[in-house]
Amino acid sequence: MSYLERNRHSWNEGAMSTSVWAQPVDKATIDAARDGNWEIFLTPKTPVPEAWLADIRGKSILCLASGGGQQAPILAAAGALVVSFDLSDEQLRKDQMVATRERLSIQCVQGDMANLQCFSDKCFDLIIHPASNVFVKAVEFVWRECYRVVRPGGALLSGFMNPAVFLFDHDEVESTGQLVVRYSLPYSDEESLPENRLKAKIEAGQPLEFSHSLTSQIGGQTDAGFLITGLYEDHWYDDTWPFSTYSPVSIATQATRPRG
């Protein structure tokens, strides 16, 4: 089984859990979005700056690898024309569930974030891509596809993990609270974990993860043709994770495709 198929199954299971990214928004949130009062997230706790979004009414937006009944329904309620594209059938089902419940129009498409060939060139005004490329091996393909499908003058708003997070053994951090460097970067579950740990992770149905350097995450966007026009860092949801007390855990970027 390919790592993508494993991750699809893992996220299908995760969508049935209490994962923060798998909790559909409620009616009050949608009503507020219809009234122009809304926010979305690319990273754990800091909302996307209003200046990055401007007026989205009537704009064509791709929610990329962000299923779960959150960003896509909020954006649709705020007046955007939304396509939700995700590897997980269950995460997409949650988007569709909220859309049906709230009478919203959202097109849901299942697929790999690094392959957007089902979309034509320059067909979206905006791409919303919360921290999820930790689940793909080669992030450069994601950036190239995003550049291809976004219109000149359009933007890609992305969240991604701080590469330094992957220096540490997460299980050890959870059990001891100690941050001890265990791995070199770039990290890959398939290459970095001992065979028994990898086997246990697969048997537990957990998604496989891959770190990406800042050269790949930020430089990869500029190599694809984007201009980085905004950036901020973010900490964990409640700052109880030890790493988050010392350093931001994630980064968000605004990248614009030049006109002309």
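Asker: Which residues make up the environment of Ala15, and what values do they have?
Answerer: With respect to the secondary-structure elements, Ala15 resides in the loop between α1 (3-14) and α2 (27-34). Taking relative accessible area as the criterion, Ala15 reaches 0% and is therefore assigned buried. Along the sequence, Ala15 and Glu90 sit 75 residues apart, while their C-alpha atoms lie 6.0 Å from each other. Apart from residues no more than four positions distant in its own chain, Ala15 is found in contact with Ala22, Glu90, Gln91 and Lys94.

Asker: Pulling in residues and values, what's your account of the environment of Arg6?
Answerer: Tracing the backbone through its elements, the reader meets Arg6 in helix α1. For Arg6, a relative accessible area of 27% puts it in the partly exposed group. Residues contacting Arg6, with those up to four places away along its chain left out, are Met1, Ile202 and Leu208.

Asker: Please provide a residue-by-residue account of the packing of aromatic side chains, values included.
Answerer: For the structure shown, the criterion picks out 12 aromatic pairs. Taking 5.2 Å as the distance between ring centres and 80° as the angle between the ring planes, the aromatic pair formed by Phe119 and Phe124 counts as edge-to-face. Taking relative accessible area as the criterion, Phe119 reaches 10% and is therefore assigned buried. Relative to Phe226, the ring of Tyr147 lies with its centre 5.1 Å away and its plane at 85°, an arrangement referred to as edge-to-face. You can see Tyr147 sitting in helix α6 (residues 139-149) and its partner Phe226 sitting in the loop between α10 (214-224) and β6 (227-234), a full 79 residues away along the chain. Of the aromatic side chains, those joined through ring pairs into one cluster are Phe168, Trp236, Tyr237, Trp241 and Phe243. The lysine or arginine in question, Arg144, covers the ring of Phe141, its NZ or CZ lying 5.2 Å from the ring centre. If you follow Arg257 out to its NZ or CZ, it ends over the ring of Tyr147, 4.2 Å from the centre.

Criteria and cut-off values
Residues numbered from 1 in each chain as written. Predicted model: local features only at pLDDT ≥ 70, side-chain atom pairs only at ≥ 80, totals over all residues. Heavy atoms only, no water. Helix = DSSP H or I, 4+ residues; strand = E, 2+ residues; numbered from the N terminus. Buried < 20%, exposed > 50% of the residue type's maximum accessible area, 1.4 Å probe, protein only. Contact = heavy atoms within 4.5 Å. Phe/Tyr/Trp six-rings, centres within 6.5 Å; stacked < 30°, edge-to-face > 60°. Lys NZ or Arg CZ within 6 Å of the ring centre and 35° of its normal.

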